[in-house]
Amino acid sequence: MLLTCTEVRKTFGDAVVLDGLDLTVDEHEVIALIGASGSGKSTLLRCVNLLTEIDDGTIMLDGEDITDPRVNPDVVRRKIGLVFQSYNLFPHMTVLDNITLAPTKVRQRPAAEAKAQAMEWLDRVGLADKAGSYPDRLSGGQQQRVAIVRALVNSPRLLLLDEVTSALDPELVGEVLTMIRDLKGDGMTMVLATHEMGFARQVADRVAFLDKGRVLEQGPPAQVLGDPVEARTRQFLARIIEAGRL
Amino acid sequence: MSSELHRPSDKQLARIAFRRRKAIRSVLLAALSTAVLGTLFAVLITGAPGWDRVKQSFFRGDIARDSLPAILDGLWLNIRLFVVCAACALALGLLVGVLRTLRGPVFFPVRALATVYTYSLRGLPLIITIYLFAYGIPGLRLQGTPSVTVLGGAAIVITYGAYIAEVLRSGIESVHPSQVAAARSLGLSYRRTMRFVVLPQAVRRAAPPLLNDVVSMQKDVGLISLAGPVDAIRAAQISQAGSYNFTPYIVAGVLFVLLALPLIGITDWVTLRAARRQNAGT
């Protein structure tokens, strides 16, 4: 198991966001987290990245208890990539500088080497001509692809994607999803919170339905999305279909 | 929610205990390093060869007591001047700051005037401005020329007005254009957009540097003594001239620090609150 979450609990004041959640992720596995707004998908990803401190439970990454207070979060985060819903690129840096920031400043790699690696990735995702541009000059889909590259150049063991297409225009969603599909081909382990049920069905090995801070139901996409066991999963999917999103 | 009474696991209790131990250790370490550094300073200063002389000429209790009434009299002028000048400078700064952001060819002369004003008054040393106002204007021998105190106060107001105008302008320009677009799309005029949407955000964002200018002004109003009126520092100087002892300056300095503390406290509080509000959520 690459990632094991056991009995994870997180509260914000009186609101219990994660209520004893269990989830495991195998190496090379792609897991789609689905569920209503507020079901805890984003919070779980932030907890795994140690951006949010959990209130109880354990998160193991690669056999190491990363929720032990003796663990240095910066070291853990080098193994985990996180991509945000609204890209969070640094607006005062060019695309290339955004990508090479961590490799040069955190990993102390020579600038030329980091640049070569960044250009290789940009070439692969068709954005080589944007290397010198500033993020605000790019479309949302281009920015999100740069953000994914920025996470990937650190060679993470695990990539967390937090509703990465939610802020995009429909015609730009495809280019980001294609990129994620390519990463699955590379064998990248990914946990993605998503509202794109169709995409979850295509790319995920397993779909986990979060409800009230727990994984209520999980399994192969065809089963969870096509023939859910739990009544609440059925209700959730019915609402999605009603909204024309499946 | 399902578990109203969550009982922390042993693991969580161990984590809480570990963090508490770490917090206690941090506090002890801070106390220790402060004590060591404090002792070091004390030994360094009181052990210096000239310490006895310095103590005699800067820290004499009897002279401090004797000079205090006159210095307090002077300080009262500082306080009155500060309150009036701060209010006027903020109003002037707001006006000029807004004028500088006006667009359109009709406003060119106003904009140009406001720009020339902020550029020249920020460059001109306050002391020279005070001399020009306090000695130059009475020199014109016009009817109804106000007192030197008022003229000196005006010099301070126009100097600080220029600083404040620039701080507010930077605040106004830091408000994202989409906010103006949203307000205008609702049918608000430029003036109403400024009043209800842009300025509230701009002032909140510019509050820390703004209060910085106000704190700085609190000290600078004393420069009016160059034109004659006796403020706290001048009172201390007069006292020093009589006793050849520098203790009155220390007294005035302590009073100024005490006067600035509440303002500095407010500055920190406003800064913190703004940061907390803006970082809520993500």
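Residues numbered from 1 in each chain as written. Chains lettered and ligands numbered in written order. Predicted model: local features only at pLDDT ≥ 70, side-chain atom pairs only at ≥ 80, totals over all residues. Heavy atoms only, no water.

All names here are of chain A. Domain boundaries in chain A define domain 1 (1-79 + 159-246) and domain 2 (89-155). In this structure, domain 1 and domain 2 have C-alpha centres spaced 25 Å apart. Taken together, the contact pairs 14 residues of domain 1 with 16 residues of domain 2. Of the roughly 1200 Å² buried between domain 1 and domain 2, counting both surfaces, carbon and sulfur atoms make up 70%. Ranking the residues of domain 1 by area buried against domain 2 places Arg78, Glu175 and Met179 at the top, with a combined share of 44%. Along the contact surface separating domain 1 from domain 2 lie two salt bridges. Among the ionic pairs, arginine 124 bridges to aspartate 186, the shortest N-O distance being 2.9 Å. At the surface where domain 1 touches domain 2, the tally comes to five residue pairs in polar contact (both at pLDDT 80 or more). (Domains from an automatic or database assignment. Contact = heavy atoms within 4.5 Å. Buried area = accessible area lost by both parts, 1.4 Å probe. Salt bridge = Lys/Arg side-chain N within 4 Å of Asp/Glu carboxyl O. Polar contact = N/O pair within 3.5 Å; in protein donor to acceptor, adjacent residues only side chain to side chain.)

Residues and elements named next belong to chain A. The element strand β8 (residues 189-193) is extensively covered by neighbouring structure, given that five of its five residues are classed as buried. Every second residue of β8 is oriented toward a common face, with Thr189, Val191 and Ala193 on one face and Met190 and Leu192 on the other, all of them buried. As defined by bridge partners, strand β3 (residues 30-34) adjoins β8 across four bridges and the pair is classed as parallel. For leucine 33, the partnering residue across the bridge sits in β8 and is alanine 193. Taken together, strand β7 (residues 158-162), helix α6 (residues 170-186) and β8 form a β-α-β motif whose crossover is right-handed. (Buried < 20%, exposed > 50% of the residue type's maximum accessible area, 1.4 Å probe, protein only. Helix = DSSP H or I, 4+ residues; strand = E, 2+ residues; numbered from the N terminus. Pairing = 2+ DSSP bridges. Right-handed = clockwise from strand over helix to strand, strands pointing away.)

This paragraph deals with the layout of surface pockets. Residue and element names in this part refer to chain A. What the largest pocket holds in volume is close to 610 Å³. If you go around the largest pocket, you meet 20 residues; those closest to its centre are Arg77, Ile80, Leu82, Ala102 and Asn154. Only α2 (73-77), β6 (80-83), α3 (95-105) and α5 (140-152) provide two or more residues apiece to the lining of the largest pocket. For the lining of the largest pocket, the residue count by class is ten nonpolar, five polar and five charged. Structurally, the lining of the largest pocket is a two-domain feature, drawing no fewer than three residues from each of domain 1 (1-79 + 159-246) and domain 2 (89-155). (1 Å grid on protein atoms, 1.4 Å probe; cavity = no way out; pocket = protein on both sides within 12 Å on 5 of 7 lines; lining within 4 Å. Points joined across faces, edges and corners; volume = space filled by probe spheres on them. Nonpolar A, V, L, I, M, F, W, Y, C, P; charged D, E, K, R; others polar.)

All names here are of chain A. Enumeration over the complete set of coordinates arrives at one cavity of 30 Å³ or more. By volume, the largest cavity is sized at about 60 Å³. Counting only elements with at least two residues in the lining of the largest cavity, the list comes to α6 and β8. Each residue belonging to the lining of the largest cavity can be placed in one class, and the counts come to seven nonpolar, two polar and one charged.

Take the packing of helix α3 (residues 61-101) of chain B against helix α9 (residues 232-243) of chain B next. Residue and element names in this part refer to chain B. α9 packs onto α3 with a crossing angle of 155 degrees between their chain directions and a minimal axis gap of 7 Å. With respect to α9, the axis of α3 lies roughly antiparallel. Where α3 crosses over α9, the two elements pack in a sense that is right-handed. Only Ala232, Ala235, Ala236, Ser239 and Ser243 of α9 make contact with α3, whose side of the interface consists of Ile63, Ser67, Ala70, Ile71, Gly74, Leu75 and Asn78. Looking at the contact of α3 with α9 residue by residue, the classes come out as seven nonpolar, five polar and no charged. (Axes fitted to C-alpha atoms, helices over the stretch in contact; angles between N-to-C directions. Parallel < 35°, antiparallel > 145°, perpendicular 65-115°, else oblique. Left-handed = near helix turned anticlockwise from the far one by under 90°.)

Time to look at the sheet that holds strand β1 (residues 3-12) of chain A. All names here are of chain A. Strand order in this open sheet of four strands is β2-β1-β4-β5, and the pairing throughout is antiparallel. Either end of the sheet is taken by a strand with one partner, and the two such strands are β2 (15-25) and β5 (64-65). Here β1 pairs with strand β4 (residues 56-61) via five bridges, running antiparallel. Looking at the pairing, threonine 6 lines up with threonine 58 of β4.

All names here are of chain A. Using the criterion set out here, one finds 21 salt bridges over all chains in the structure. Ionic pairing is found between arginine 157 and aspartate 62, a salt bridge with its closest N-O pair at 2.3 Å. Residue arginine 157 is located in the loop between α5 and β7, and its partner aspartate 62 is located in the loop between β4 and β5; the two are separated by 95 residues in the primary sequence. With a shortest N-O distance of 3.7 Å, glutamate 64 and lysine 79 are connected by a salt bridge.

Another point: the sheet that holds β8(A). Residue and element names in this part refer to chain A. Strands sit in the order β6-β7-β8-β3-β9-β10 across an open sheet of six strands; the sheet is mixed. Sheet topology places β6 and β10 (214-219) at the edges, where each strand pairs with a single neighbour. Shown here is a sheet whose adjacent strand axes are inclined to one another by a mean of 20 degrees, direction ignored. Those strands touched by helix α1 (residues 41-48) are β3, β6, β7, β8 and β9 (206-211), and its axis lies near 150 degrees from that of β7.

Another point: the environment of Glu163(A). Tracing the backbone through its elements, the reader meets Glu163(A) in the loop between β7 and α6. Apart from residues no more than four positions distant in its own chain, Glu163(A) is found in contact with Lys41(A), Ser42(A), Gln85(A), Ala193(A), Thr194(A) and His195(A).

Attention now goes to the interface of chain A and chain B. On the chain B side, the residues contacting the 13 residues of chain A number 13 residues. Overall, the association of chain A and chain B removes approximately 1200 Å² of surface from exposure, summing both partners, and the carbon and sulfur fraction of that is 43%. On the chain A side of the interface with chain B, the three residues burying the most area are Arg9(A), Asp56(A) and Pro69(A), jointly 40% of the side's total. Counting the contacts that link chain A with chain B gives two salt bridges. The closest approach of N and O atoms between Lys11(B) and Asp65(A), which form a salt bridge, is 2.9 Å. Along the contact surface separating chain A from chain B lie eight residue pairs in polar contact (both at pLDDT 80 or more). The residue makeup of the side of chain A that touches chain B, split by class, is three nonpolar, three polar and seven charged.

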